[in-house]
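One-letter residues, chain by chain:
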Amino acid sequence: MNATESSDATITGHLLDRLHSLGVTHLFGVAGDYNLRMLDEVLAHPGVQWVGTAGELGAAYAADGYARVRGFAALVTTHGVGELSAINGVAGSYAEHVPLLHIAVGPPRSKERDGAVAHHTLGDGDYEHFARAFRQVVCADAVVRPENGPDEIDRVITTCLRESRPGYLRLPQDVALANAPSPSGALHRPDRHAADQYSLTAFVDAATRRIEAADTVSVLADCLVDRFDGRAELSDLLSAGSLPHAVVVSGKGVVDESAPHYVGLYAGACSDAAVRSAIDDADLLIRAGVRLADTTSGGFTHGYDPDRGISVDPTTASVDGVVFPNVGLPAALASLARLVEGRPTSAASTTTAPHLHRSSSGDNPLSQAYLWQAVGAAVRPDHTVIADQGTPLFGISPRRLPTGARFLAQPVWGSIGYSLPALLGAQLADHSRRGLLLIGDGAAQLTIQELGTLGRLRLTPVIVLVNNDGYTVERALHSPGAAYNDIAPWRWPDLPAALGVPEPLVLTARTEAELDHSLTTAAEVTDRLIFIEARTERDDTPLLLSRFAEIAKRQARKVQ
């Protein structure tokens with residue numbers, strides 16, 4: 001029986017039912033004395049499973065990975081110490097437009113009224129410190145009370161869905177267990193296809209004239225297409241006009257990278273020449289959900305004019321800088337697909353050849369170039385690839401993914417260590433896929449404890465850990481020999497078993513042939529967690545990182 005049918009449902013029961021109605025079947029977090037009785041209700045709920053993580057930051061990252069796959073997620077922490085441990089992860093979800101709900105359970109209302117010096121507070125009787133802090137990194141928040149609990153919960157969740165960003169609920173301990181008033185009905189979901197018809201008609205008229213006047217039309221896509229449910233409409237647009245198209249790194253995976261007119265990864269001046277020409281030299285560039293960031297545009301070295309062309313954003317569309325409000329992203333893309341249908345393919349549609357990998361039979365030392373060629377070739381359609389900020393992201397992002405593969409990264413927020421807990425969330429969100437985690441040794445040291453959570457839940461991803469002795473990205477950007485880029489040299493092959501992973505298969509690759517053997521073994525062994533330590537030289541960098549570092553260093557010299 002759900003909250004809409006029960007006369008004695010609690011606030012927690014209503015909240016869990018709402019989450020379950022959105023497809024959320026796992027709730028991440030860390031137990032603390034304030035939330036224990038609430039967690040008893042979680043354990044008793046037939047549709048939601050508790051996933052305790054090693055730390056609250058890991059719970060937030062895991063919820064982020066889960067939400068990117070399922071469309072929504074939630075985490076629970078205790079007041080103060082727990083929620084502040086998670087705030088970095090929630091802020092990343094805000095920056096990357098990932099919808100999830102953070103539930104912080106705190107002292108009962110009686111202690112609030114008395115201004116008591118309760119543990120996990122700042123000792124000053126003010127219980128709103130942390131709610132105020134979270135307002136900077138969420139799109140909606142509420143302090144839940146019994147009399148309006150369901151309505152406030154619904155308001156926050158609905159706003160998260162509409163804006164594709166996180167929300168925050170503060171629940172006093174006694175409120176979480178209080179009886180809930182009858183909810184007002186089904187949860188309202190945003191209609192992404194909605195559009196003001198007058199504005200949409202004006203946009204179509206302007207776009208028609210612009211398309212008809214253009215000799216070449218190209219498309220650049222980013223993650224907002226995915227976050228605002230426009231993937232199918234984007235696919236229709238690309239196929240209708242046989243348009244050359246590229247993605248920025250934050251949008252990787254939003255298009256079929258095996259399609260004949262996919263030209264590759266666009267990163268401003270860091271791009272391959274053919275990709276840059278297709279995007280920067282097009283008479284008309286259609287930008288689908290694109291947000292320019294330094295990390296996705298080669299340090300803002302893009303060669304196109306953002307005030308020219310057609311731009312499709314979550315709730316607006318524009319043509320040569322003229323904005324048409326209240327036009328949803330899917331509606332705008334669907335209209336453009338009809339306008340370009342049957343358009344003849346131009347010479348500018350010539351695509352770059354996919355990267356090929358030839359296995360090595362020798363004992364050549366493993367290089368970054370060989371590593372990412374081999375890993376890219378090993379990606380399967382049923383993989384979810386999660387790349388951490390650092391050499392893994394720079395190395396794998398130019399590689400073409402096979403049709404069906406999913407890709408997760410955090411290039412805008414760029415918090416190292418994100419990817420390992422995000423792997424946990426993505427694996428639980430879709431058991432039909434196998435996770436392929438790509439992470440550096442520096443990043444892994446931040447969140448490696450969640451490897452134990454993966455093991456406890458008997459998940460069997462493939463983890464490729466690049467051991468290059470420290471912060472190689474930072475070395476590429478500034479002072480390669482500086483001590484602040486050094487980290488402790490861990491014995492990585494010992495860690496999976498030490499952290500509780502049952503029967504892990506641990507492999508080490510120092511040569512090209514050893515890497516090929518490791519990847520082949522990982523593809524064959526699917527019932528165990530595979531941990532591959534790939535060892536490369538500390539100053540060896542992927543080509544994309546080398547290009548980006550040169551631009552960043554030039555720009556840094558100009559501002560000194």
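Residues numbered from 1 in each chain as written. Predicted model: local features only at pLDDT ≥ 70, side-chain atom pairs only at ≥ 80, totals over all residues. Heavy atoms only, no water.

K.L.:
Is there a simple way to explain the sheet that holds strand S15 (residues 406–408) in this structure?
P.N.:
Think of a sheet as strands paired side by side through backbone hydrogen bonds, with each pair either parallel or antiparallel. Taking strand neighbours across the sheet as the criterion, the six strands line up as S15-S14-S16-S17-S19-S18 in an open arrangement whose pairing is parallel. Two strands close off the open sheet at either side, each with one partner strand: S15 and strand S18 (505–509). Ignoring strand direction, the axes of neighbouring strands in this sheet form an average angle of 15°. Judged from the six bridges that link them, strand S17 (residues 462–467) and strand S19 (residues 530–535) form a sheet pairing that is parallel. Along S19, the bridge assignment pairs Val 462 with Ile 530. Contacts from helix H16 (residues 419–429) reach strand S14 (383–387), S15, strand S16 (434–440) and S17 within the one sheet, and its direction differs from that of S16 by about 175°. (Pairing = 2+ DSSP bridges. Helix = DSSP H or I, 4+ residues; strand = E, 2+ residues; numbered from the N terminus. Axes fitted to C-alpha atoms, helices over the stretch in contact; angles between N-to-C directions. Contact = heavy atoms within 4.5 Å.)

K.L.:
What exactly am I supposed to notice about the side chain of Ser 271 here?
P.N.:
Positionally, Ser 271 belongs in the loop between strand S9 (262–265) and helix H12 (273–280). Among the residues examined, Ser 271 registers a relative accessible area of 9% and is labelled buried. Engagement of the side chain of Ser 271 in a polar contact is seen with the backbone oxygen of Gly 268, the distance being 2.7 Å. Beyond its immediate sequence surroundings of up to four residues, Ser 271 is in contact with Leu 265, Tyr 266, Arg 276 and Arg 547. (Buried < 20%, exposed > 50% of the residue type's maximum accessible area, 1.4 Å probe, protein only. Polar contact = N/O pair within 3.5 Å; in protein donor to acceptor, adjacent residues only side chain to side chain.)

K.L.:
What exactly am I supposed to notice about the nonpolar core here?
P.N.:
Across soluble globular proteins, nonpolar side chains show a tendency to be buried alongside one another. Of all hydrophobic cores here, the largest spans 84 residues; its most connected members are Phe 28 and Leu 101. The element contributing the most residues to this core is helix H3 (residues 56–70), with eight residues. Excluding its chain neighbours within four sequence positions, the residues that come into contact with Leu 101 are Leu 15, Leu 19, Phe 72, Ala 73, Ala 74, Leu 75, Val 156, Ile 157, Gly 167, Tyr 168 and Leu 169. Membership of the second largest hydrophobic core comes to 74 residues, among which are Ala 214, Ala 374, Ile 396 and Ile 530. (Core = buried A, V, L, I, M, F, W, Y, C linked by side-chain atoms within 4.5 Å.)

K.L.:
How do you make sense of the pattern of salt bridges when you look at a structure like this?
P.N.:
Pairs may arise between side chains of opposite charge once their charged atoms sit close together. Scanning the entire structure with this criterion turns up 27 salt bridges. Between Asp 226 and Arg 231 there is a salt bridge, and its shortest N-O distance comes to 3.1 Å. Note on Asp 226: relative accessible area 29%, which makes it partly exposed. Among the residues examined, Arg 231 registers a relative accessible area of 37% and is labelled partly exposed. Asp 320 is paired through a salt bridge with Arg 308; the nearest N and O atoms lie 3.7 Å apart. Here the residue Asp 320 occupies a position in the loop between strand S12 (316–319) and strand S13 (322–325), and Arg 308 occupies one in the loop between strand S10 (284–288) and strand S11 (310–312), the gap between them amounting to twelve residues. The network of salt bridges with common partners includes Glu 112, Glu 128, Arg 145 and Arg 170. (Salt bridge = Lys/Arg side-chain N within 4 Å of Asp/Glu carboxyl O.)

K.L.:
Teacher, can you tell me more about the sheet that holds S11 here?
P.N.:
If you walk across this open sheet you meet the seven strands as S9-S8-S7-S10-S11-S12-S13, and the pairing is mixed. Of all strands in the sheet, those bounded by a partner on one side alone are S9 and S13. Between one strand and the next, the sheet's axes are offset by a mean angle of 15°, whatever the strand orientation. Sheet topology places S12 next to S13; four bridges connect them, and they run antiparallel. What sits directly across from Ser 318, in S13, is Val 323. Across the sheet, helix H11 (residues 231–241) touches strand S7 (217–221), strand S8 (245–247) and S10, and the angle it forms with S7 is around 155°.

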